[in-house]
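Spelled out from the first residue to the last, the chains are:
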Amino acid sequence: MDATSSSALVSHIKISAPNPRNVSGKHFKSCPQTTSISFCGYSVQGLQQSWSESPLIRCSLSVDDGNGINIAFSNGIALQKKNLCGKTFCSAGVCTHGDVFVEASSHVAEERIGVLLLNLGGPETLHDVQPFLYNLFADPDIIRLPRLFRFLQRPLAKLISVLRAPKSKEGYAAIGGGSPLRKITEEQANAIKLALKAKRKQVNVYVGMRYWFPFTEEAVHQIKRDMITRLVVLPLYPQFSISTTGSSLRVLQNMFREDEYLSNLPVAIIQSWYQREGYIKSMADLIEKELQNFPKPNEVIIFFSAHGVPVSYVEEAGDPYRDQMEDCIFLIMKQLKARGVNNDHTLAYQSRVGPVQWLKPYTDEVLVELGERGVKGLLAVPVSFVSEHIETLEEIDMEYKELALESGIENWGRVPALNCHSSFIEDLADAVIEVLPLATPLLTSKSISDEADHDPIKYVIRMFFGSILAFVLLLSPKMILAFRNNLL
């Protein structure tokens, strides 16, 4: 499966646009008429125009990708800046104004509702670091090789993980010997469960990690054992990317198509939720609070640092991550300005790996530039992370802070990750409730290429020749130097 097909499980979207209405004296404009656009290589029925003046429109939708895969999305507030409705798939199925559904499926009595939280995962001990890195780089949505060279995926992942493990271990050792991501994600799961209980929704909440325990596969097996009758999939990534949400959804797709029970289980997937009002307000709350710790709050630069992705994901595979990130920053700053916070801000991308070009500007380069410009106060905001982990605790708090101070920035601050921030958790619970009526079975079909990937003879042949090539690379001094310069 190529990166395009694994990133966006959509191929055709239509809009069900209700008539404009007046709610509580405020004009809520309906979705405009549809027009065909291109997204991730697919034909999509999107929007012709951007939102006009609607400050709060919630839309939910159900998508059929043409192969029987139905996905539900939920989004929050709309923008004046861009065609956000098209970008976030505010279309087809159900649109709501306020909390009133225009269209909804029937509720199943005495159903067992499950919520599956998807996250990256992280090594819990230093011993886990190398196998965790192997799982990460063995993912074809992380290292995207041409089809002809995909037999090298696992040998290459082994090579990179072995070379990169020593430096990564130093990072994890600096934050206590392991990632806190599992602990925080489980706390978020419990908080969401309690929030839904307070809203009279009894649910089981599961945690599925992509690259470490508890793996997504483990969570799905438990969902089956618990005989869940309706499932909401909630990736803990505000913005969609091939390398995060797309990768996890590919795992689910593979599992669901191979199991009769799962293939008939009604599922709603919240693909991205960066534009939800609760998330935006929660981020603004944290930023506003941290600004007060500076001697001159009005002069502080708000520095948004997001996890980067290779440029090829965006320009070749159609990954919407960059556009969604820019829209997200626009929304947060709009919320802050409404509160009287008019600080300058900038966005940069961190955590690049390898010799390929990643989204720019790079966080480390921007920090140096800001110091050279004479900026003295800077507040770092980890915008693509909702939980503390190595990229906030070590990369931002240690590496980037040191670089900023060396570059002349005198006052440094960092906004904490949302973790279990009350309004954030409440909003995620609301998102779950909104998409529950949209759950439909994920009926998928196995492709010929996928069957070939599971052929045991071909697998052994690929691994054999791939391992030989990886061994040759490992013994090559020039290759080792190249890997050390670009990966370590």
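Analysis parameters
Residues numbered from 1 in each chain as written. Predicted model: local features only at pLDDT ≥ 70, side-chain atom pairs only at ≥ 80, totals over all residues. Heavy atoms only, no water. Phe/Tyr/Trp six-rings, centres within 6.5 Å; stacked < 30°, edge-to-face > 60°. Buried < 20%, exposed > 50% of the residue type's maximum accessible area, 1.4 Å probe, protein only. pLDDT = per-residue confidence, 0-100. Contact = heavy atoms within 4.5 Å. Core = buried A, V, L, I, M, F, W, Y, C linked by side-chain atoms within 4.5 Å. Helix = DSSP H or I, 4+ residues; strand = E, 2+ residues; numbered from the N terminus. Salt bridge = Lys/Arg side-chain N within 4 Å of Asp/Glu carboxyl O. Pairing = 2+ DSSP bridges. Right-handed = clockwise from strand over helix to strand, strands pointing away. Axes fitted to C-alpha atoms, helices over the stretch in contact; angles between N-to-C directions. Parallel < 35°, antiparallel > 145°, perpendicular 65-115°, else oblique. Left-handed = near helix turned anticlockwise from the far one by under 90°.

*Asks:* Would you mind showing me how to read the packing of aromatic side chains here?
*Replies:* Think of a pair of aromatic rings as described by two things: how far the centres are apart, and how the planes are tilted against each other in angle. Counted under the stated rule, the structure contains five aromatic pairs. Ring centres of W273 and Y279 lie 5.3 Å apart, and the angle between their planes is 90°; on these two criteria the pair is classed as edge-to-face. A residue is classified by how much of its surface remains accessible, and W273, at 0% relative accessible area, is buried. Judged by its relative accessible area of 1%, Y279 falls in the buried class.

*Asks:* I tried to follow the confidence of the model for the protein on my own but got confused; where do I start?
*Replies:* Here the protein averages 78 in pLDDT, and 68% of its residues register 70 or above. Note that pLDDT drops below 50 for residues 445–453; the model gives that stretch ten contacts with residues more than four away or on any other chain. Scored below 50 in pLDDT, residues 472–488 makes 21 contacts in the model with residues more than four places away or belonging to other chains.

*Asks:* Looking at this structure, how should I read the nonpolar core?
*Replies:* Most often, soluble globular proteins have nonpolar side chains that are buried together. Residues Y279, I287, F304, I332 and V383 are the most contacted members of the largest nonpolar core, which totals 64 residues. With eight residues, the top contributor of residues to this core is helix 11 (residues 321–338). Leave out the neighbours within four places in its chain, and V383 touches P238, Q239, Y279, M283, F304, S305, A306, M325, C328, I329 and I332. Counting 24 residues, the second largest nonpolar core, distinct from the first, contains F132, L145, Y211 and Y362.

*Asks:* Just checking my understanding: could you explain the pattern of salt bridges for this structure?
*Replies:* Close approach of charged atoms lets side chains of opposite charge pair. Taken as a whole and judged by the stated rule, the model has 19 salt bridges. In this structure, R276 and E434 form a salt bridge, with 3.1 Å as the shortest nitrogen-oxygen distance. Here R276 is found in the loop between strand 12 (266–269) and helix 9 (277–291), whereas its partner E434 is found in helix 14 (residues 422–435), with 158 residues between them in sequence. The pair formed by R276 and E434 is uniform in burial state, with each residue classed as buried.

*Asks:* Would you mind going over the pairing of strand 16 (residues 411–414) with me for this structure?
*Replies:* Side-chain positions along a regular strand alternate between the two faces of the sheet. For strand 15 (residues 377–382) and strand 16, the ladder comprises four bridges, and the chain directions are parallel. Directly across from G377, in strand 16, lies its bridge partner N411. In this region the chain leaves strand 15, passes through helix 13 (residues 390–406) and returns to the parallel neighbour strand 16; the handedness of that crossover is right-handed.

*Asks:* Can you walk me through unusual backbone geometry in this structure?
*Replies:* Both trends apply: most residues other than glycine have a negative phi, and most peptide bonds are in trans. F213 connects to P214 through a cis peptide bond whose omega is -10°. Within the element layout of this structure, P214 appears in the loop between strand 10 (203–209) and helix 6 (216–225). Omega for the peptide link from K360 to P361 comes to 5°, which places this bond in the cis form. Mapped onto the elements of the fold, P361 is located in the loop between strand 14 (345–350) and helix 12 (363–372). Unlike most non-glycine residues, M227 shows phi in positive territory, near 55°. With respect to the element layout, M227 can be found in the loop between helix 6 and strand 11 (230–235). In this structure, S351 takes a positive phi of about 65° despite not being glycine. Following the sequence through the fold, S351 ends up in the loop between strand 14 and helix 12.

*Asks:* Even after reading the chapter, I still don't get the packing of helix 12 against helix 13, so can you show me in this structure?
*Replies:* When two helices pack together, their arrangement is given by the angle between the helix axes and by the axis-to-axis distance. With their axes 8 Å apart at the nearest point, helix 12 and helix 13 run at an angle of 25° to one another. Taken as axis vectors, helix 12 and helix 13 run roughly parallel relative to one another. Considering the relative orientation of helix 12 and helix 13, their crossing is right-handed. Within the contact between the two elements, helix 12 uses T363, D364, L367 and V368 and helix 13 uses Y400, L403 and A404.

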